[in-house]
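# Geometric and topological summary
Next come the chains, spelled out residue by residue.
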Amino acid sequence: MVVNKSAIKGLVPVYFATNRVVMGGPGLELSQISYARSATNTFGYVTVSIPIVHKMGEVETPESWFGIPQAEDDRKHFRIQKLNRLSREEFAAAIANPADSLMLFVHGYNVAFSDAAFKAAQIAFDANYKGRVMMYSWPSKGGWKDYDYDRESALFAPDGLFELLQLMKKEGKVSRIIVVAHSLGSQVVLGALQQAALSQMTLGITELIFAAPDVDRDLYLQRASQIKAAAGAVTLYASSTDLALLASMKKAQSKSRMGFVTNSGPTLVPGIETIDVSAVGSEMFALNHSTYSTSRAVLDDIGRIISSSTHIKPPQRTPTLRSMPDDSNTTYWMYPY
């Protein structure tokens with residue numbers, strides 16, 4: 001495919017592992033990648049183009065008019081320009097660069113394979129991340145009515161993610177691993193961390209970021225020691241305006257989700273840095289479930305986490321964050337209203 005370079009702002013290569021069923025032969029087309037569940041991972045990479053009209057915090061895709069989608073346009077839309085399958089050995093060799101860092105994105109509910117690639121590329125591009133980018137795409141059905149299917153898939157998916165994390169550490173020899181998990185993808189990550197703990201496997205995650213985690217409060221607290229043991233530093237972004245998590249909480253009859261801030265404040269875990277993003281993610285008529293990737297303020301903070309060679313505490317990297325309840329007795333941070 002020929003790319004019109006004057007129509008794009010940049011190209012972002014995204015390595016991927018997926019436990020979606022991939023139909024067809026050795027070649028790879030987007031239409032071959034389904035939402036069915038596979039017992040094994042498929043590996044490869046995509047190249048995502050960023051349109052010249054791109055605005056920070058957005059993923060520009062074709063709109064539909066009366067159910068008919070607009071034609072894709074390099075100038076206007078995120079697009080997949082290359083899609084290649086790799087063997088496990090080729091994949092391990094391709095990511096093997098101990099001197100470089102690698103950001104692994106694990107998407108949430110209602111996300112198709114291509115949308116996961118777009119989101120991984122957008123986060124890296126907008127956060128000005130210079131390392132390598134990877135995504136783990138588990139079998140979300142990609143429809144807002146399909147939460148129950150996706151939740152079952154999230155229970156199924158940790159095996160594949162655990163295999164990927166082992167590959168990154170052992171065969172890829174990646175020395176700086178950054179994991180960014182969004183929404184229901186956080187449950188997939190928790191499952192993989194539990195497998196690592198049970199098998200006494202050190203995964204070597206440098207930074208672990210939970211963005212609006214759709215995880216039951218009790219489950220997260222139960223796994224807190226596993227989470228902290230798996231990563232050098234853990235950051236959690238939560239909001240009181242996240243309507244998607246509010247719906248999930250009611251559906252599951254849960255006291256709270258870890259990404260939701262109740263009237264009594266966020267659920268806190270000593271050793272996990274919690275940041276309340278309610279003030280920068282409260283758009284009218286919006287679900288406010290993707291503030292981590294739509295808000296310039298939060299993207300800047302994530303950018304400082306993933307681009308720094310060492311972990312910097314929230315108020316040092318982002319001075320606008322307010323210590324809560326006060327500077328002398330800080331338990332979490334928040335963006336001021």
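Scroll up to find the structure this text is about.
In this text the structure is predicted, and so the values were computed from the model without any measurement.

## Regarding the pattern of salt bridges
- The tally for this structure, following the rule as stated, stands at 12 salt bridges.
- Where Arg88 meets Glu163, a salt bridge forms, and the shortest distance between an N and an O atom there is 3.2 Å. Residue Arg88 is found in helix α1 (residues 88–95), and its partner Glu163 is found in helix α4 (residues 158–170); the two are separated by 75 residues along the sequence.
- Classification of Arg88 by relative accessible area gives partly exposed; the value is 27%.

## Points about the packing of aromatic side chains
- Overall, the coordinates contain 8 aromatic pairs when judged by the stated rule.
- Residues Tyr15 and Phe91 carry aromatic rings whose centres are separated by 6.2 Å and whose planes lie at 85° to one another, so their mutual orientation is edge-to-face. You can see Tyr15 sitting in strand β1 (residues 8–22) and its partner Phe91 sitting in helix α1, a full 76 residues away along the chain. Each of the two residues, Tyr15 as well as Phe91, counts as buried.
- In this structure an aromatic cluster arises from ring pairing among Tyr15, Phe43, Tyr45 and Phe91.

## Considerations on the packing of α1 against α4
- Across the interface, α1 lies against α4 with an axial gap of 9 Å and an inter-helix angle of 50°. On the basis of the axis angle, α1 is oblique to α4. Here α1 runs over α4; the crossing is right-handed. For the pair α1 and α4, contact is made by Arg88, Phe91, Ala92 and Ile95 and by Glu163, Leu164, Leu167 and Met168, respectively.
- In terms of residue class, the contact of α1 with α4 is built from 6 nonpolar, no polar and 2 charged.

## Things to note about the nonpolar core
- Leu104 and Tyr220 are the most contacted members of the largest nonpolar core, which has 50 residues in total.
- Discounting residues that sit within four places of it in the chain, Tyr220 has contacts with Leu190, Phe210, Val215, Ile227, Val234, Leu236, Met258, Val269 and Ile272.
- Core analysis: the second largest hydrophobic core is formed by 42 residues, Ala117, Ile123, Tyr129 and Ile302 among them.

## Points about unusual backbone geometry
- Of note, the amide linkage connecting Met324 to Pro325 takes the cis form, showing an omega dihedral of 0°.
- Its place among the elements puts Pro325 in the loop between β12 (322–324) and β13 (332–334).
- Although it is not a glycine, Asn128 adopts a positive phi angle of roughly 60°.
- Mapped onto the secondary structure, Asn128 falls in the loop between α2 (113–126) and β7 (132–137).
- Positive phi outside glycine occurs at Ser183, with the angle close to 55°.
- With respect to the helices and strands, the residue Ser183 is situated in the loop between β8 (176–182) and α5 (185–198).
- With relative accessibility at 2%, the residue Ser183 sits in the buried group.

## What to know about the environment of Gly232
- Structurally, the position occupied by Gly232 is in strand β10 (residues 231–238).
- C-alpha of Gly232 to C-alpha of Ile177: the two residues are 55 residues apart in sequence and 9.9 Å apart in space.
- Other than its neighbours up to four places away in sequence, Gly232 contacts Ile205 and Thr206.

## Thoughts on α4
- Between the first and last C-alpha of α4 there are 18 Å, a value that for 13 residues agrees with the 18 Å anticipated at 1.5 Å per step.
- Regarding α4, the residues found buried are Pro158, Gly160, Leu161, Phe162, Leu164, Leu165, Leu167 and Met168.

## Here's the deal with the packing of α4 against α5
- Where α4 meets α5, the axes come as close as 8 Å, and the angle between the chain directions of the two elements is 65°. Note on packing geometry: the crossing formed by α4 with α5 is right-handed. Every residue of α5 that contacts α4 at Pro158, Asp159, Leu161, Phe162 and Leu165 is listed here: Val188, Val189, Gly191, Ala192, Gln195 and Ala196.
- Classifying every residue of the contact of α4 with α5 by side-chain character gives 8 nonpolar, 2 polar and 1 charged.

## Quick notes on the side chain of Glu207
- Mapped onto the elements of the fold, Glu207 is located in strand β9 (residues 205–211).
- Despite its burial, Glu207 remains without a salt bridge, the nearest opposite charge being carried by Arg176 at 4.6 Å.
- One polar contact links Glu207 to His311, side chain to side chain, over a distance of 2.8 Å.

Definitions and cut-offs
- Residues numbered from 1 in each chain as written.
- Predicted model: local features only at pLDDT ≥ 70, side-chain atom pairs only at ≥ 80, totals over all residues.
- Heavy atoms only, no water.
- Salt bridge = Lys/Arg side-chain N within 4 Å of Asp/Glu carboxyl O.
- Helix = DSSP H or I, 4+ residues; strand = E, 2+ residues; numbered from the N terminus.
- Buried < 20%, exposed > 50% of the residue type's maximum accessible area, 1.4 Å probe, protein only.
- Phe/Tyr/Trp six-rings, centres within 6.5 Å; stacked < 30°, edge-to-face > 60°.
- Axes fitted to C-alpha atoms, helices over the stretch in contact; angles between N-to-C directions.
- Parallel < 35°, antiparallel > 145°, perpendicular 65-115°, else oblique.
- Left-handed = near helix turned anticlockwise from the far one by under 90°.
- Contact = heavy atoms within 4.5 Å.
- Nonpolar A, V, L, I, M, F, W, Y, C, P; charged D, E, K, R; others polar.
- Core = buried A, V, L, I, M, F, W, Y, C linked by side-chain atoms within 4.5 Å.
- Expected span 1.5 Å × (residues − 1).
- Lys, Arg positive; Asp, Glu negative; His and termini not counted.
- Polar contact = N/O pair within 3.5 Å; in protein donor to acceptor, adjacent residues only side chain to side chain.

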